[in-house]
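If you want the building blocks of each chain, they are given just below.
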Protein chains: 2
Amino acid sequence: MPSYRAPVEDTLFLLNDVLGFHRYDNLPGFAEASPDVVEAVLTEGAKLADTVLAPVNRAGDLEGCTRGADGSVATPKGFKAAYDAYAQGGWMGLSVPEELGGQGLPHTLNTAMQEFVSGANLALGMYPGLTQGAIAALLVHGSEEQKQAYIPKMVEGTWTGTMNLTEPHCGTDLGLLKTKAVPNGDGSYSLTGTKIFISAGEHDLSENIVHLVIARIEGAPAGTKGISLFVVPKFLVNADGSLGARNGVTCGSLEHKMGIHGNSTCVMNYDGATGWLVGEANRGLNAMFVMMNEARLAVGVQGLGQSEVAYQNAVAYAKDRLQGRALTGAASPDKAADPIIVHPDVRRTLMGIRAFNEGARALVLWTALQSDIVHRSQDAKQRQAADDHMGLMTPVVKGVLTDRGFANAVEAQQMFGGHGYVEEWGMSQFVRDARIAMIYEGANGIQAMDLIGRKLPRDGGRAMMAFLGEVQTFIKDHDEAEAMKPFVQPLQAAVNDLQAATMWFMQNALTKPDNAGAGATDYMHLLGLTALGYMWARIAKVAQEKAGDARMEAKLVTGRFYMERILPETTLRLARIKTGADSTMALAAEAF
Amino acid sequence: MPSYRAPVEDTLFLLNDVLGFHRYDNLPGFAEASPDVVEAVLTEGAKLADTVLAPVNRAGDLEGCTRGADGSVATPKGFKAAYDAYAQGGWMGLSVPEELGGQGLPHTLNTAMQEFVSGANLALGMYPGLTQGAIAALLVHGSEEQKQAYIPKMVEGTWTGTMNLTEPHCGTDLGLLKTKAVPNGDGSYSLTGTKIFISAGEHDLSENIVHLVIARIEGAPAGTKGISLFVVPKFLVNADGSLGARNGVTCGSLEHKMGIHGNSTCVMNYDGATGWLVGEANRGLNAMFVMMNEARLAVGVQGLGQSEVAYQNAVAYAKDRLQGRALTGAASPDKAADPIIVHPDVRRTLMGIRAFNEGARALVLWTALQSDIVHRSQDAKQRQAADDHMGLMTPVVKGVLTDRGFANAVEAQQMFGGHGYVEEWGMSQFVRDARIAMIYEGANGIQAMDLIGRKLPRDGGRAMMAFLGEVQTFIKDHDEAEAMKPFVQPLQAAVNDLQAATMWFMQNALTKPDNAGAGATDYMHLLGLTALGYMWARIAKVAQEKAGDARMEAKLVTGRFYMERILPETTLRLARIKTGADSTMALAAEAF
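Residues numbered from 1 in each chain as written. Chains lettered and ligands numbered in written order. Predicted model: local features only at pLDDT ≥ 70, side-chain atom pairs only at ≥ 80, totals over all residues. Heavy atoms only, no water.

If you look chain A up in an unreviewed UniProt entry, it shows as 3-methylmercaptopropionyl-CoA dehydrogenase from Methylobacterium dankookense. UniProt, in its Sequence similarities (unreviewed entry) section for chain A, records the words "Belongs to the acyl-CoA dehydrogenase family." UniProt annotates chain A under Function (unreviewed entry) with the comment "Involved in the assimilation of dimethylsulphoniopropionate (DMSP), an important compound in the fixation of carbon in marine phytoplankton, by mediating the conversion of 3-(methylthio)propanoyl-CoA (MMPA-CoA) to 3-(methylthio)acryloyl-CoA (MTA-CoA)." (UniProt positions renumbered as here; feature names shortened; annotations may be inferred.)

Take a look at the structure:
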């Protein structure tokens, strides 16, 4: 029943007209990504998402994954064919270097495609998503031999990847991990332990599964300083690249989850499994962070994808469902009732989701562009600035886009009344699937702590100062133009709130760290609101230059809605931050 | 795994110390409800909720209801025994007049019990909940004969009740309904049509099911002015009260829902079923509104109940789960890590839910007291004031408590990280179950429209003026006391926002009704925030008088958290309202 149409047009508008994608043609891979190529790639990707991945989404929810007595896992009907189409389309290696089998195109295009895939079928998209994360970690930290052994096969999609961090007693606090690695004397290690919540840990989509696993080498220091990263293939790989013996890693059980039923979430038992160190011993967390940052951005994109598909279906329903009359008089007097899209409270809901989605898409693509600069620019200063942006925005994209993405899915479901609560309409699945994105890859509270405790203070606050400087410059450049005032003035108010909050932390959190912790989530959202406000101001400027186009007029209305109705939340966030930690922390734990 | 402990102590505190329950001893039934009786009733009710209803909650979710080929419906294992315990405890008729088999106690106590039941087992609680709604409608609109025929059996619990409104093409807009009633010539009618989303429509808990059904008598006017209410028993009732022939009403299928799996949500087919008019012909909507208002308050209480049980389990997990260290240094240096309740962002979440729950409980009990006054007072002026309060607060209790109740369940789930997403921990069920309360008995957007379009303007805004007057008087009486300033000053700010919003509508919505529609949801929340703020100020005053008691100290901290962190949201709500409908309504429907 639900449907999906990947937002190609909006993505192209943002890349070409707002973000100036083609100004970066000096970077490797960008010259190849000419306007025609970009349009062709996204159009083809959209076709895959709309016609291959989306149609098996609901079946995946209903059927889920099943584990056989031998520990094998079957994915839902239709998943294998859809996965194969994805792999054969070359999507896995879209931005992987050509020498490792990829296409070397900008990661920005890959990110756009991630939104399409996440909107079409979140559970299915996680299999290639985790594979791309594993490729990213091996690209940065793997030895040349490891890269050659694993990456081309993963790019082909004949092998997939996973990341194994969590253990039953150890989620956020990885220092507690117990999985043990014992040197075998031949350069390999023998890994023993239990990992939980391992997405795509076992399945029938690929010939081999390349597990990246963190473990503690026997005798290593306690805590996070004794963690190493290993590559542990499901089947050992012979020297000629063919598959060898089955390794000692098995799926012990599948989790029964609220959503993403089509993805196999496994308890993985490592029972003397053979693995090889990736990067340096005891520096595994560093290596894992590469994978985690990529994954965090991708998870933020999942929030956007689910928000978008939920929005599209709510719009279709609101245009179709006849109920009541417009407050201003019958809009469809020839019908028994008006379509509910005439009702202001329905509009408010739809406009709110739309305004978020379009702004969030801009932020995602802008951030993805910075990622390309970090990895491809020759200019150290440009690289540093891009890396600062990435660091600052990674927790925002992850935390804010998934919090709001889930909330938007709930709002979209609400449009359907009782039909939204009934599974056959598919809205419940969007809500249940979107929920996971707030949790995995670091629960959103952890994102907020990462932002305020690590990303914000780093290098004397350089990243935040650069962001504020860029936004202030934009405001100064446009605050004279009458038409831009409805955008620039609210943006200035938001920036003032953001600056005041930042200042408040500098004055109050250094001596009392609980003041930072108690305001962290509000600060993350305050930054996210402001970043989206900046995106909308940039979009509005372009839309005004192209006035007369109906699509651009719609952009201006939607942008104004964002500025009037959503952005003012910054004031509430600031007010909360400034109350500090006193009432938050005053109760003794026993009083709860 | 999850557990529940009904909040007896807090309920008693609110009734006895804050709301002055025993000042109403002049009302029928109140003298009987002496302090000892109230405590005994609530303690007994809590025992039932904690030890009988809650233990079968998870099994109800896992197993759900099943429909046999003959149209019969089996409830989950354990539900029948739990339901019987509820019925045999006399809970169904707690506040029903004694002459109809009830206990005649105040409805306020029944409402407190509704919270306990909703927190323990929402799906199970709906069976008696709908029965109580049906009893309420028959009490007001049924003939003497109908009351005698149906109510005592329902009070016993041997028969249950339902309400049948929705049809496939007709939810909110009941004027569209098609179910037809044809007079049989003997005073009865023959009903034909299809009703959907009928909670407790068919099941194995009771011997008979008393359906209250709205339908259109052949030849009646179109729209809402041609709707009549009928009573249609599953089994016809003989003159001696024994069960007669099976009536022509059957369950065609069960809906597959996101949650409340233990409740049978039925498509009901009326195929020439025999029914009798309740109240006057073509005045069915009026009669139904009695039932709907009772039901709306009860649904608001469901939101609170789910918020409370989710909170309790999140607290238990936060005290138990070891992860990371307090920002201020190790709190449990002897353990591998600190319990996560030390982390400010965890505290912020728990305090937010707690502050909402305790304030919302006060609002619910206060409103229930007004309901008792409406039904039992001899003083017309007192009755009118109470009725005004009920009218104003019904959409707030329904809309705000379920919106926030669901959001709180999500926040509580978030405390569990990945474990929250896995069904075995039970947090997913709380989220999925709580979700329905935002939808049924009038989706929350409808509550907001009801508030702003009907309840607010009625009698020249008398209800709102009375509420504002009461709050202002409280503020004036306490704004000199230093200790009360942290409560009274934020409350005054909220009242100012509420007044400004009300004024804005008066000036801008009469000529442009879309301005009301676009701000309705924000206004409902603005009123809800302020009402809870007033409750907290009253609680704080009592707590200050009892200073020295640890429980009262906790109240003061929690109240301060509400005032500092939650109440300031009124400013955001006002800002949104004042933007009006322009950007909300500007896009043509085709532009979506």
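Here we come to the packing of helix H5 (residues 107-120) of chain B against helix H6 (residues 122-141) of chain B. All names here are of chain B. Running from N to C, H5 and H6 point in directions that differ by 150°, and their axes come no closer than 7 Å. By the criterion of interaxial angle, the relationship of H5 to H6 is roughly antiparallel. In this structure, H5 meets H6 at a crossing whose hand is left-handed. Packed against H5, whose contacting residues are Asn 110, Gln 114, Val 117, Ser 118 and Ala 120, the element H6 presents Leu 122, Gly 125 and Gln 132 at the interface. By residue class, the composition of the contact of H5 with H6 is 3 nonpolar, 5 polar and no charged. (Axes fitted to C-alpha atoms, helices over the stretch in contact; angles between N-to-C directions. Helix = DSSP H or I, 4+ residues; strand = E, 2+ residues; numbered from the N terminus. Parallel < 35°, antiparallel > 145°, perpendicular 65-115°, else oblique. Left-handed = near helix turned anticlockwise from the far one by under 90°. Contact = heavy atoms within 4.5 Å. Nonpolar A, V, L, I, M, F, W, Y, C, P; charged D, E, K, R; others polar.)

Residues and elements named next belong to chain A. One non-glycine residue, Asn 282, lies in positive phi territory at about 65°. Considering the arrangement of structural elements, one finds Asn 282 in the loop between strand E11 (265-278) and helix H8 (284-320). For Asn 282, a relative accessible area of 27% gives the class partly exposed. Backbone geometry at Glu 441 places phi at a positive 55°, although glycine is not the residue there. Mapping Glu 441 onto the fold places it in the loop between helix H12 (427-437) and helix H13 (444-455). A relative accessible area of 18% places Glu 441 in the buried class. (Buried < 20%, exposed > 50% of the residue type's maximum accessible area, 1.4 Å probe, protein only.)

When the UniProt feature table is mapped onto this chain, "domain: Acyl-CoA dehydrogenase/oxidase N-terminal" (unreviewed entry) is found at residues 81-157 of chain A. For the annotated span residues 81-157 of chain A, helix accounts for 71% and strand for 0% of the residues, and the straight-line distance between the end C-alpha atoms is 12 Å.

Moving on, we come to the relation of the copies chain A and chain B. Each copy superposes on the other: chain A lies on chain B with an RMSD of 0.0 Å after a rotation of 180° and an axial shift of 0.0 Å. Here the two chains are linked by the operation of a two-fold rotation axis. Distance from the rotation axis, computed per C-alpha, reaches its smallest value in chain A at A:Leu572: 3.3 Å. Taken as a fraction of all interface residues of chain A, those also at the interface in chain B reach 100%, which identifies the copy contact as same-surface. (Least-squares fit on C-alpha atoms with pLDDT ≥ 70 in both.)

All names here are of chain A. Mapped onto the fold, Leu 212 is located in strand E6 (residues 208-217). Counting along the chain gives 17 residues from Leu 212 to Leu 229, while the straight-line C-alpha distance between them is 6.8 Å. When sequence neighbours within four positions are dropped, the list of residues in contact with Leu 212 reads Ala 134, Ala 137, Leu 138, Thr 162, Met 163, Asn 164, Leu 229, Phe 230, Val 231, Val 278, Met 288 and Met 291.

On to the side chain of B:Glu202. Residue and element names in this part refer to chain B. Counting through the fold element by element, Glu 202 comes out in the loop between strand E5 (188-199) and strand E6 (208-217). The class of Glu 202 is buried, set by a relative accessible area of 3%. At 2.7 Å, the side chain of Glu 202 forms a polar contact with the side chain of Lys 234. Excluding residues that lie within four positions of it along the chain, Glu 202 makes contacts with Gly 71, Ser 72, Val 73, Ile 209, Lys 234, Arg 246, Cys 251, Ser 264 and Cys 266. (Polar contact = N/O pair within 3.5 Å; in protein donor to acceptor, adjacent residues only side chain to side chain.)

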